[in-house]
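Listed here are the chains, written in short residue letters.
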Amino acid sequence: MKKLTEKPMLLGLLVGLFLLILCALVPIPMYDGMIYYDQGLVHLQLESKIALSYYFGSGLKGAAVNGILPSHVELKPLGYVLFALIHIGLPALITIRFKMSNARNAYAKASAEEQKTDSSSNE
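Given the structure is predicted, the values throughout are model-derived calculations rather than measurements.

So, how was this worked out
Residues numbered from 1 in each chain as written. Predicted model: local features only at pLDDT ≥ 70, side-chain atom pairs only at ≥ 80, totals over all residues. Heavy atoms only, no water. pLDDT = per-residue confidence, 0-100. Helix = DSSP H or I, 4+ residues; strand = E, 2+ residues; numbered from the N terminus. Phe/Tyr/Trp six-rings, centres within 6.5 Å; stacked < 30°, edge-to-face > 60°. Buried < 20%, exposed > 50% of the residue type's maximum accessible area, 1.4 Å probe, protein only. Polar contact = N/O pair within 3.5 Å; in protein donor to acceptor, adjacent residues only side chain to side chain. Contact = heavy atoms within 4.5 Å. Expected span 1.5 Å × (residues − 1). Pairing = 2+ DSSP bridges. Axes fitted to C-alpha atoms, helices over the stretch in contact; angles between N-to-C directions.

Engineer: So what exactly am I meant to see when it comes to the confidence of the model for the chain here?
Structural biologist: Parts of the prediction with low pLDDT should not have their coordinates interpreted in detail. In this model, the chain carries an average pLDDT of 87, and 95% of its residues clear a pLDDT of 70 or more. Mean pLDDT in the chain bottoms out at helix α1 (residues 2-5), which sits at 74, and peaks at helix α2 (residues 8-25), which reaches 92.

Written as structure tokens, this is what we have:
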């Protein structure tokens, strides 16, 4: 884990990839969207939370209404914002946090070594 925290870009990429795979495989309805149902001459549109896995056909049984599966789903603008915040913003935030932490630790280490050399040269 120590080697992974020393490479914050790799850590952010892995977190982003993990979140994307998790949301694509497990039906977690957290994005705002529209679900469309078609049954004969009846067309129904429902505003609801949708999961990313609905796009791949996984978990659609949870979104069924009276046994009718959705014909298609789409994200609303707020859903796209949530997608960007979760799958791009969160990994970027983790990357920045570990990059700053590494820089702070490197500065503290260099400062301590400089003080050590200054104190030994004064004696």
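Following the structure, the description resumes.
Engineer: Explanation requested: the packing of aromatic side chains in the structure shown.
Structural biologist: Aromatic ring pairs: the centre-centre distance and the angle between the two ring planes describe each pair. Per the stated rule, a full pass over the model turns up one aromatic pair. Consider the rings of Y31 and F83, whose centres lie 6.1 Å apart with planes at 55°: the pair is tilted. Linking Y31 in strand β1 (residues 31-39) with F83 in helix α3 (residues 77-122), this pair joins segments that are 52 residues apart in sequence. Overall, the relative accessible area of 26% leaves F83 in the partly exposed class.

Engineer: Explain the side chain of T95 here, please?
Structural biologist: Looking at where T95 falls in the secondary structure, it is placed in helix α3. Among the polar contacts listed, one links the side chain of T95 to the backbone oxygen of P91, at a separation of 2.9 Å. When neighbours within four sequence positions are excluded, T95 is seen to be in contact with P8, M9 and G12.

Engineer: Would you mind going over α2 with me for this structure?
Structural biologist: For an α-helix, 3.6 residues make a turn, and residues three or four places apart therefore share a direction. Taking 1.5 Å of rise per residue, the 18 residues of α2 would be expected to cover 26 Å, and the 26 Å separating its terminal C-alpha atoms lies within 8% of that figure. Along α2, the positions that sit buried rather than exposed are P8, L11, G12, G16, L19, C23 and A24.

Engineer: Mind showing me how you'd approach the sheet that holds strand β3 (residues 72-75) here?
Structural biologist: Strands in a sheet are paired, the pairing made by backbone hydrogen bonds, and the direction either parallel or antiparallel. Strand order in the open sheet formed by three strands is β2-β1-β3, with antiparallel pairing between adjacent strands. Where the open sheet ends on each side, the last strands, each with one partner, are β2 (42-50) and β3. When the angles between neighbouring strand axes are averaged without regard to direction, this sheet yields 25°. Where β1 meets β2, nine bridges bridge the pair, whose relative direction is antiparallel. Bridge assignment links Y37 to a residue of β2, and that residue is L44.

Engineer: Help me understand the pairing of β3 in this model?
Structural biologist: Regular strands place their side chains on alternate faces of the sheet. In β3, alternate side chains face the same way, and those of V73 and L75 are buried while those of H72 and E74 on the opposite face are not. Across four bridges, the pairing between β1 and β3 is antiparallel. Note on β3: the bridge partner recorded for G33 is L75.

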